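So you can see what is in the structure, the chains are spelled out below.
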Amino acid sequence: MVKISKDSLIRIIAFSTAAVIALSVLAYRSYREATVARRSLQHSYLRSVGDLSLNLDNIKNTLNKGLYSNNPDMMTELSAKLWSDANIAKISLSQLPIEELNLENTYKFLSQVGNYSRALSEKLARGEVITDEEKANLESLYDYARTISDSMWSVESQIHGGYLTFDKVQGTVLGANTVDNAESPQHVVSGFADIESNFESFPMLIYDGPFSDHLMERNPRMLKGAQAIDEATALKRAVDISRIADLRLVGEERGHMPSYTFMDGDTTVSITKNGGYLSYMLTFREVGDAAVSVARAIDNAKKFLATLGITEITDTYYELQHGVCIINFAGTQGGVTLYTDLIKVGVAMDNGDVLSFDSRGYLTNHMKRVIPEAQLTREQAKELLSPYLTVKDSKLCVIPSDGLSEKFCYEFLCTAKDGQQILVYINTVTGREEQLLILQISDNGMLTV
């Protein structure tokens, strides 16, 4: 029998303990890396769902807008945008993990949206007009598009509520805590199956969000010439803003706005490499019962913006989503609203914390502008509006154009005959109707579409 000395036994135990600890650390590190990768992928899926919901909503709303426009050029622009949003919606759909689902009808619907809108645009370009029959057809198609849009928003709500999941593992829901539902969460394909069924009787066919759909295409004005920062400086900036000490680098973004991306748990913070600006911040958590007013949520958002040095802004519209108040801010200059310089802030309605922030539109477009002198008076511009609209209020603003330039306009808040609130933008120099939006006011917020 081999005898082991006391010292040898101690060394064996020590080595064994060290090996177990090393293996445990390695396993934990692998688990954390897998968790980060999985959460990052699920966040990407959620963004695609949000983009798809928005574009389907835009398709519905543009059809509604077309019924109120009094300008052939505007109808041409709306038709072109229908084509654009339909294609973006197809891209968002293709990025979701639903390969096993036959979405032939959904893709056909989106293709017909583009084809129909292009046909209308070509007709108007030839100098022809949209007939009363085609107007009636657009109105009936609007009703159908509304059904599809509502179904998509329902899918997004079920994902947030834990009733649908991208994860194959039972009870795991989009990086959030497991939701204790009466039934286990179903894979997201079941929600899209319900959307697909809505197309069974669809005949054929059939897009704009507020303003900035194309504004991210230019190189960011605020980053041009700004001093570059290193990873350590960016991390300190992210920690100071989020007040989360354990943030770690999980990736670097390229493209028009190179950034460092940091994460801890369910919080993601992105800091630009030039200038060290907060590009976006996002925290996923369950939000409790509302205990904060919308007015306080907006005030908290403004205070957060002030800590970032952003004070020349005005809140424009807001929406309540899953216990979070999403507030849209626009820059201001000398009393003129700059709808090109946009920031979104999400505030939790249970305690008033800032859960989300997106300043990419602001970083891309903000600068000191030379505001041109108006060539038309407010009254002259008012005379150019549709006779079906009654003006309630007006103000000066800057809006973007499709060519990445900007337009100085009068914004007229109007009421239609059916009570809908309509925003019309008349160019102060040319008198052209540059944009038309529908203002939606409900218990869940105030938005433009």
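Scroll up a little and you will see the structure.
Here the structure is a predicted model, which is why all the values come from computation and not from measurement. (Residues numbered from 1 in each chain as written. Predicted model: local features only at pLDDT ≥ 70, side-chain atom pairs only at ≥ 80, totals over all residues. Heavy atoms only, no water.)

Right, let's get into the state of the cysteines. Overall, the coordinates contain zero disulfides when judged by the stated rule. There is no disulfide at Cys397, and the cysteine sulfur nearest it, in Cys409, is 5.4 Å away. A relative accessible area of 0% means that Cys397 is categorised as buried. (Disulfide = S-S within 2.5 Å. Buried < 20%, exposed > 50% of the residue type's maximum accessible area, 1.4 Å probe, protein only.)

Relative to the helices and strands, Ala232 resides in helix H6 (residues 231-242). Considered as a pair, Ala232 and Leu249 are 17 residues apart in the sequence and their alpha carbons are 9.7 Å apart. (Helix = DSSP H or I, 4+ residues; strand = E, 2+ residues; numbered from the N terminus.)

Another aspect to go through is the pairing of strand S11 (residues 389-400). The sheet contact formed by strand S9 (residues 336-348) and S11 spans two bridges and is parallel. Within S11, the position partnered with Thr337 by the bridge is Cys397. Two strands pair when backbone bridges link them, and S11 and strand S12 (residues 406-416) are joined in this way by 11 bridges, in the antiparallel orientation. By the bridge assignment, Thr390 is partnered in S12 with Thr415. (Pairing = 2+ DSSP bridges.)

What follows is about the nonpolar core. Counting 36 residues, the largest nonpolar core has Ile271, Leu278, Ile327, Val345 and Phe357 as its most contacted members. Broken down by element, this core gets its largest block of residues, five residues, from helix H7 (residues 294-307). When neighbours within four sequence positions are excluded, Phe357 is seen to be in contact with Leu278, Ser279, Tyr280, Met281, Phe304, Leu305, Leu308, Ile343, Lys344 and Val345. (Core = buried A, V, L, I, M, F, W, Y, C linked by side-chain atoms within 4.5 Å. Contact = heavy atoms within 4.5 Å.)

So, on to H6. Here H6 contains 12 residues, and its C-alpha end-to-end distance of 16 Å stays within 8% of the 16 Å for a straight helix at 1.5 Å per residue. Residues Ala234, Ala238, Ile241 and Ser242 constitute the buried set of H6. Each buried residue of H6 sits inside an arc of 85° when the element is viewed along its axis, so together they form one side. Every exposed residue of H6 that faces more than 90 degrees away from the buried side is listed here: Ala232 and Lys236. Looking at the buried positions of H6, the neighbouring elements they touch are strand S4 (259-264), strand S5 (267-272), strand S6 (278-283) and H7. Immediately downstream of H6, the backbone of Arg243 shows phi near 65°, a positive value. (Expected span 1.5 Å × (residues − 1). Arc of directions from axis to C-beta.)

Here we take up H7. If you check H7, its first and last C-alpha atoms are 20 Å apart, about what 14 residues at 1.5 Å a residue would give, namely 20 Å. Residues of H7 that are buried in the fold lie against H6, S6, strand S7 (313-321), strand S8 (324-333), S9 and strand S10 (354-358). Note on H7: the residue one or two positions beyond its end, Gly309, has a positive phi of about 85°.

One ladder, built from eight bridges, connects S7 with S8; its direction is antiparallel. Paired with Thr314 across the strands is Ala330, a residue of S8. Linkage of S7 to S8, two consecutive antiparallel strands, is achieved through a turn of two residues, within which His322 is found at a positive phi near 55°.

Inspection of every chain in the model, using the stated rule, returns four aromatic pairs. Relative to Phe412, the ring of Tyr410 has its centre 6.1 Å away and its plane inclined at 40°; by these criteria the two rings are tilted. Take Tyr410 and Phe412: they sit in the same class, and that class is buried. Across from the ring centre of Tyr260, 5.2 Å away, lies the NZ or CZ of Lys273, which sits over that ring. (Phe/Tyr/Trp six-rings, centres within 6.5 Å; stacked < 30°, edge-to-face > 60°. Lys NZ or Arg CZ within 6 Å of the ring centre and 35° of its normal.)

With that out of the way, let us pick up unusual backbone geometry. One non-glycine residue, Arg243, adopts positive backbone phi at about 65°. Note on placement: Arg243 falls in the loop between H6 and strand S3 (248-253). Take Arg243: its relative accessible area is 79%, and that puts it in the exposed class.

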